[in-house]
Amino acid sequence: MPDREIGREQLLTFGPFQLVRSRKLLLQDGRPVRLGSRAIDLLMVLVERAGEVVGKNELIALVWPNTVVEENNLRVHLTALRKSLGAGQPGARYIINVAGRGYSFVAPVERTEGRGTRLESSTAIPGNLPAAISRPIGRALAVDTVAHLLGGHRLVTVIGPGGIGKSTVAVAAAERIGAAFPAGVFFTDLTAVTDAAHLPAALASAIGTSVPVVDPVRALIAHVRDAQMLLLVDNCEHLIDDVAEVALRLLRGSPHLRILATSREPLQVDGEQVYQLSSLESPAESGLTTAEEAMTFPAVQLFAERATNGFENFAITDANAALVARICRRLDGVPLAIEIVAARAGLVGVHALELGDEDAEILAARGRRTASSRHRSLRATLDWSYRQLTGVERKVLMRLSVFRGWFTAPAAVAVVADELLDEGAALEALMSLVVKSLLATDISEQEFRYRLLHVTRLYAAEHLQSTQDAQAAWRRHGQYLCEFLERSILEMTTLSRDRWLRLHQSSIEDIRALMDWAFGPQGDALLGAQLTAAAGRFGFQVALLDEFRSWTEMALRALRQLETPQPALELRLTMAQALLRNRMADPDSAVDADINRMIALTRDGGVPRNRIAPLSHRALVMLDFGDYATSASALAELEATARQEDDAFAAFTADRVGAMVCHWSGDHPRARQLAERVLRHPLQAAPPTYSPVAVDRRVSMRVVLARILWLEGCADQARELAAEALSLAGSDSPHALCDALGHAVCPIAFWRGDVQEATAMTALLLEHSRRYTLTRWHIAANCFESVLHAMSGTVATDPAGDDVAQVAPLPGLQRDLMGTISERWFDATTMARGEHRLAGWCTPELLRRNAQLQLRQGTAAGMRMAEASLQTSLEVARDQGAFGWELRSATMLAELWREQGRSSEAVGLLEPLVTRIPEGEGTRDVVNARSSLSKL
């Protein structure tokens, strides 16, 4: 094809570009640059006014006359325009954003009139290389790398799954270095070649010659022997062995020949350099907020370009950027899939394209009519790959479709192997699917992991569902996942939380899919219940409480409908349900019913060990209810049961639960002894069957000890140990983090009078409790925040707009805790708990609060009652060894006596305590005590 001429034109030249004004055409080194009409209009306005700042509104008015357009449209089109001009490349600085004003074209522009300007043809390279219809988006590095490999190697193969863009990259790379081959660059597409005997003839036809039927390869070698030629052989996978043999003979017989091949698997020929073409990068699941950010990712750029083909009204905006990013992620960044789906955006709108997990319609959606038959739909592309597989490979591919996330080779073998397909054959087929680019591979961990791309999984799942294999494959997957989840929980004791999540968090997609199957019409309810029980602790770690609670309820309903009772399984599920309900602040009666059912299930079991977990649960839940006496009774039964067993885990669990129960009940010396013993214990943790506690013992015991330190008067040590607990909790779980904040860090900050720290730590508790739906802690955080705002005289609202001042703590322990921080929720019930010594650890402080209210009456009777309350507070505080509470009550009583003229009694009470203050100078209580003593 001869070069084309442009007649007499006014040209605007900048860098390697020429802008032909009358034809609205942009050239780069003589070749047209593909731009949308809006982008070219924007460029013309900016180039014609180079050096000026063109306001945003003016640009919109010039490019979108008579149309109401959001500023997002302008920003997105300019982003695409900058990329077309090579933004980010050395020396490529053309359009800048002038903050608050608009945009300016800053490169020098030369204005000329030319006649007969040559428009370089894309076929200027000798041969038959097809002209690129569109630019390869996001493939600059791939094209450069392939071109570089061809410069030093005689055989390069670009491999990847169907639709990944191998042909596009190969053609672009060949075009890039075509001038280095005087004899030309020749392209042949083997898609239509179904008989290996016709392969030499197809290659010969591509380079413009013919070969005889007898030994055609030899004749082909004779034709190209001395030619400096590049042969691009596209789509080799269905003739892979024959292409490999012919390529080897050609290279051996033609020293100047180079071959660039595309295939879904390597040719595996000596000297072959393989380039694995990966998917286009898509935005991550979080952090994306704007269209401008989205357009920095190649997958979104491709979506935007294909969606605007013929539909100039479409644009990536801030409103749809997150949805487009989600679609690109769901499609795994596969260019063909993105092109096909994006083409529908201009027709039906992007919001109609939301892809579900089982949205098989995408397989049938058709792409461009001009595409090759195998690329006109995703189904056609996958049909092409599927036909190249052996029977065993097809069976393995279908069975692997039950996986939703990443899986290891042992996991795959466990699911696909059966009595007719042994493990060796299954593993060999798995590796073959990897080689043929039907499985994505992750080598970032010590053990390789694999995954089916979304559209490939949909396709394989369709085939699986049409066979008798489906239910058996799902059942094997469920059985494997149960074992995997049990192992994963044990690994928590040896792995950091970050690494544990990196290895296991993706399993949630498999769990969800299996739950849908197991509790569906064709599923296995018993297996679903077993999976739910195995996944219970996993659910706590990934903090999907609401979701796991619904599964637990479903599993328990299914168990009750089975003919054969499953008491051990029901016990595990009931324990998980009780813990979930408690964490999510369900009614106490529902939690209590679960605990009673747990006790009943183990009462007649005959194995004391089975009672450890239910009794542990009862003791801990009763603490939350504020029923410290019943909690202590449950602990006594737990300890007695543990003593019956020669079982280190049972004793360890009893000590751990005992440390918490003793502290909240007010027996701090015993709590300290047990907590320190647990921390020294050689066991890392008890198995989940022993204890419902979902917080690392290093965190929970430090929480107990930090609180005890404050009560003992060691305010500084208490703060340091609470901070240590918080640091350790960061590598444990959201529950651990909230426990450390809500039970130690925040209360100690309030007790110390450190408003700045209380404010910062309350904000952290609010953030985590909201993010992970930890309702019990979210209520506590709102209470803390309302106290802080009351101190500052402001009104707080949560993200939902509710007045935080209206929140109230949960009954029991949480209300007791808030009573030590503020009197705003101190009511008759709380007062009675103090008077009857039912509040355990905080009884002295509630009695002091009671005295505070009585003093406000300003009556002689009120003073007498206040003095009695304070005397009782001091008595209980001394019995508990709670110096912190004792100092507070003594300071108040000393002030009362001073006002009554009993200064000598006041000094005799307060002075010995002040001299005993171990630390905490500057904290509120110490400052108040010293101030009161100085007044005396």
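Residues numbered from 1 in each chain as written. Predicted model: local features only at pLDDT ≥ 70, side-chain atom pairs only at ≥ 80, totals over all residues. Heavy atoms only, no water.

**A closer look at the overall build of the chain**
- Looking only at helices and strands, one finds 41 helices and 18 strands in the chain.
- Each of the 936 residues in the chain was classed as buried or not, and the buried ones make up 55%.
- Excluding contacts between residues fewer than 6 apart, the proportion of contacts in the chain whose partners are at least 24 apart in sequence is 68%.
- Surface accessibility of the chain: about 39,600 Å² in total, with carbon and sulfur atoms responsible for 50%. (Helix = DSSP H or I, 4+ residues; strand = E, 2+ residues; numbered from the N terminus. Buried < 20%, exposed > 50% of the residue type's maximum accessible area, 1.4 Å probe, protein only. Contact = heavy atoms within 4.5 Å. Areas by Shrake-Rupley, 256 points an atom, 1.4 Å probe, with all protein chains shown as cover.)

**Quick look at the sheet that holds strand β17 (residues 440-442)**
- Read across the open sheet, the three strands follow the order β16-β18-β17; overall the sheet is antiparallel. The open sheet has two edge strands with one neighbour each: β16 (407-408) and β17. (Pairing = 2+ DSSP bridges.)

**Some words on the packing of aromatic side chains**
- Under the definition given, this model contains 18 aromatic pairs.
- Ring geometry for Phe17 against Tyr94: centres 5.9 Å apart, planes inclined by 85°, an arrangement best described as edge-to-face. Taken as a pair, Phe17 in strand β3 (residues 17-20) and Tyr94 in the loop between α3 (71-84) and β7 (95-98) lie far apart in primary sequence, 77 residues in all. Assigned by exposure class, Phe17 and Tyr94 land together as buried.
- Site record: aromatic cluster; members linked through ring pairs are Trp664, Trp710, Trp751, Trp841 and Trp885.
- Positioned above the aromatic ring of Tyr386 is the side chain of Arg394, whose terminal nitrogen or guanidinium carbon lies 4.8 Å from the ring centre.
- Just above the ring of Trp825 sits the side chain of Arg824; from NZ or CZ to the centre is 5.1 Å. (Phe/Tyr/Trp six-rings, centres within 6.5 Å; stacked < 30°, edge-to-face > 60°. Lys NZ or Arg CZ within 6 Å of the ring centre and 35° of its normal.)

**Quick word on the pattern of salt bridges**
- What the rule picks out here adds up to 37 salt bridges.
- Across the salt bridge formed by Glu58 and Arg49, the nearest N and O atoms sit 2.5 Å from each other.
- What makes Glu58 partly exposed here is its relative accessible area of 33%.
- When the shortest N-O distance is used, the salt bridge between Asp696 and Arg698 registers 3.1 Å.
- Judged by its relative accessible area of 22%, Asp696 is partly exposed.
- For Arg698, a relative accessible area of 35% translates into the label partly exposed.
- Several salt bridges converge on common partners, so that one network encompasses Glu845, Arg848, Arg849, Arg888 and Asp925. (Salt bridge = Lys/Arg side-chain N within 4 Å of Asp/Glu carboxyl O.)

**What about the pairing of strand β14 (residues 258-263)?**
- Burial within β14 is extensive, with five of its six residues counted as buried.
- Where strand β11 (residues 155-159) and β14 come together, five bridges link them in parallel fashion. Following the sheet pairing, Thr157 is matched in β14 by Ala261.
- Bridge count for strand β13 (residues 229-234) against β14 is four bridges, and the pairing is parallel. Counterpart to Leu231 in the pairing with β14 is Ile259.
- One crossover worth recording links β13 to the parallel β14 by way of helix α8 (residues 240-253), and it is right-handed. (Right-handed = clockwise from strand over helix to strand, strands pointing away.)

**A closer look at the side chain of His238**
- Tracing the backbone shows His238 in the loop between β13 and α8.
- Residue His238 is classed as buried on the basis of its relative accessible area of 19%.
- Looking at His238, its side chain comes within polar contact range of the main-chain oxygen of Leu190, at 2.9 Å. (Polar contact = N/O pair within 3.5 Å; in protein donor to acceptor, adjacent residues only side chain to side chain.)

**Some points on the sheet that holds β14**
- Across the sheet, which stays open at both edges, the five strands sit in the order β12-β13-β14-β11-β15 with parallel pairing between neighbours. Unpaired on one side and paired on the other, β12 (184-189) and β15 (272-276) mark the two borders of the sheet. Averaged over all neighbouring strand pairs, the angle between strand axes comes to 15°, with direction disregarded. (Axes fitted to C-alpha atoms, helices over the stretch in contact; angles between N-to-C directions.)

**Topic: the nonpolar core**
- With 148 residues, the main nonpolar core has Leu400, Phe407 and Leu485 as its most contacted residues.
- Sorting elements by how many residues they give to this core places helix α32 (residues 734-752) first, with 12 residues.
- Filtering out sequence-adjacent residues up to four positions away, Leu485 remains in contact with Ile511, Leu531, Ala534, Ala535 and Phe538.
- Of all hydrophobic cores here, the second largest spans 55 residues; its members include Leu260, Ala291, Ala307 and Leu336. (Core = buried A, V, L, I, M, F, W, Y, C linked by side-chain atoms within 4.5 Å.)

**Points about unusual backbone geometry**
- Even without being glycine, Gln268 reaches a positive phi, approximately 60°.
- Along the chain, Gln268 turns up in the loop between β14 and β15.

**Describing the packing of helix α26 (residues 612-625) against helix α28 (residues 648-665)**
- Where α26 contacts α28, the axes come no closer than 10 Å and their chain directions differ by 15°. Here α26 is positioned roughly parallel relative to α28, judged by the angle of their axes. In terms of crossing hand, the pair formed by α26 and α28 is left-handed. Where α26 approaches α28, its residues Ile612, Ser616, Ala619, Leu620 and Leu623 are matched on the opposing element by Ala650, Thr653, Val657, Met660, Val661 and Trp664. (Parallel < 35°, antiparallel > 145°, perpendicular 65-115°, else oblique. Left-handed = near helix turned anticlockwise from the far one by under 90°.)

**Examining the side chain of Thr456**
- Turning to its location among the elements, Thr456 is positioned in helix α18 (residues 454-465).
- Since its relative accessible area comes to 7%, Thr456 is described here as buried.
- Beyond its immediate sequence surroundings of up to four residues, Thr456 is in contact with Leu382, Leu397 and Leu438.

**Brief notes about the packing of helix α37 (residues 843-855) against helix α38 (residues 860-880)**
- α38 packs onto α37 with a crossing angle of 165° between their chain directions and a minimal axis gap of 8 Å. In terms of orientation, α37 and α38 fall into the roughly antiparallel class. The way α37 lies across α38 gives a crossing that is left-handed. Where α37 approaches α38, its residues Thr843, Pro844, Leu847, Arg848, Asn850, Ala851, Gln854 and Leu855 are matched on the opposing element by Gly862, Met863, Met865, Ala866, Ser869, Leu870, Thr872, Ser873, Val876, Ala877 and Gln880.
- The class makeup of the residues in the contact of α37 with α38 is 10 nonpolar, eight polar and one charged. (Nonpolar A, V, L, I, M, F, W, Y, C, P; charged D, E, K, R; others polar.)

**Describing the confidence of the model for the chain**
- Mean pLDDT over the chain: 83, with 86% of residues reaching 70 or higher.
- A low-confidence stretch, residues 1-7 (pLDDT under 50), is modelled with 21 contacts involving residues beyond four sequence positions or located in other chains.
- When the criterion is pLDDT under 50, residues 367-373 qualifies, and its contacts beyond four places in sequence or with other chains add up to eight contacts. (pLDDT = per-residue confidence, 0-100.)

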